[in-house]
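Residue-level structural notes
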Amino acid sequence: MKRTWLLGLAVLCAIPGAGVSVARADATLVYELKATGEDAVEKKIAISRFFARTDSSDEEGSYLLFQAGKFFPLYRVSQSERTYLLLTPEVYASLHPAKHGQAAQVSPAGEA
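This write-up is about the structure you can find in this document. Every value quoted in this text rests on a predicted model; they were computed, and no experiment measured them.

Scanning the protein chain from N- to C-terminus turns up one helix and six strands. Secondary structure elements of the protein chain, listed N to C terminal, follow the sequence α-β-β-β-β-β-β. In the protein chain, which comprises 112 residues, the proportion classed as buried is 12%. Within the protein chain, contacts between residues separated by at least 24 positions form 2% of all contacts whose residues are at least 6 apart in sequence. Working note: accessible area of the protein chain is about 9,900 Å², and carbon and sulfur atoms make up 58% of it.

Structural data, given as structure tokens:
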């Protein structure tokens, strides 16, 4: 146990000294899409805690941001325009079933 802790501490001290940058994401997936006769497009999905960010090499200055947990919203963020757009429908929290796009009407306790 003590040796493992010391080994981990040694690795943490050696990484900055070796010039290796620390990743900002918990996990990152990078893949390339290429159709016949077209340029390759690189997609990068970075996952950090409750967020997943998707960057695409053909859309510089914008990315998709998915938040897991809070009604699962998906946003398109434009850094160049300094704006964001909600791509998923708005969710209304309720303990009862709701109609499309509306909050459920809740009657006071004891009324039928």
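Now for unusual backbone geometry. Look at F72: it is not a glycine, yet its phi comes out positive at around 55°. Positive phi, normally seen in glycine, also occurs at R82, with a value near 60°. Along the chain, the position of R82 falls in the loop between β5 (74–78) and β6 (83–86). Overall, R82 belongs to the exposed group, its relative accessible area being 76%.

What counts and what doesn't
- Residues numbered from 1 in each chain as written.
- Predicted model: local features only at pLDDT ≥ 70, side-chain atom pairs only at ≥ 80, totals over all residues.
- Heavy atoms only, no water.
- Helix = DSSP H or I, 4+ residues; strand = E, 2+ residues; numbered from the N terminus.
- Buried < 20%, exposed > 50% of the residue type's maximum accessible area, 1.4 Å probe, protein only.
- Contact = heavy atoms within 4.5 Å.
- Areas by Shrake-Rupley, 256 points an atom, 1.4 Å probe, with all protein chains shown as cover.

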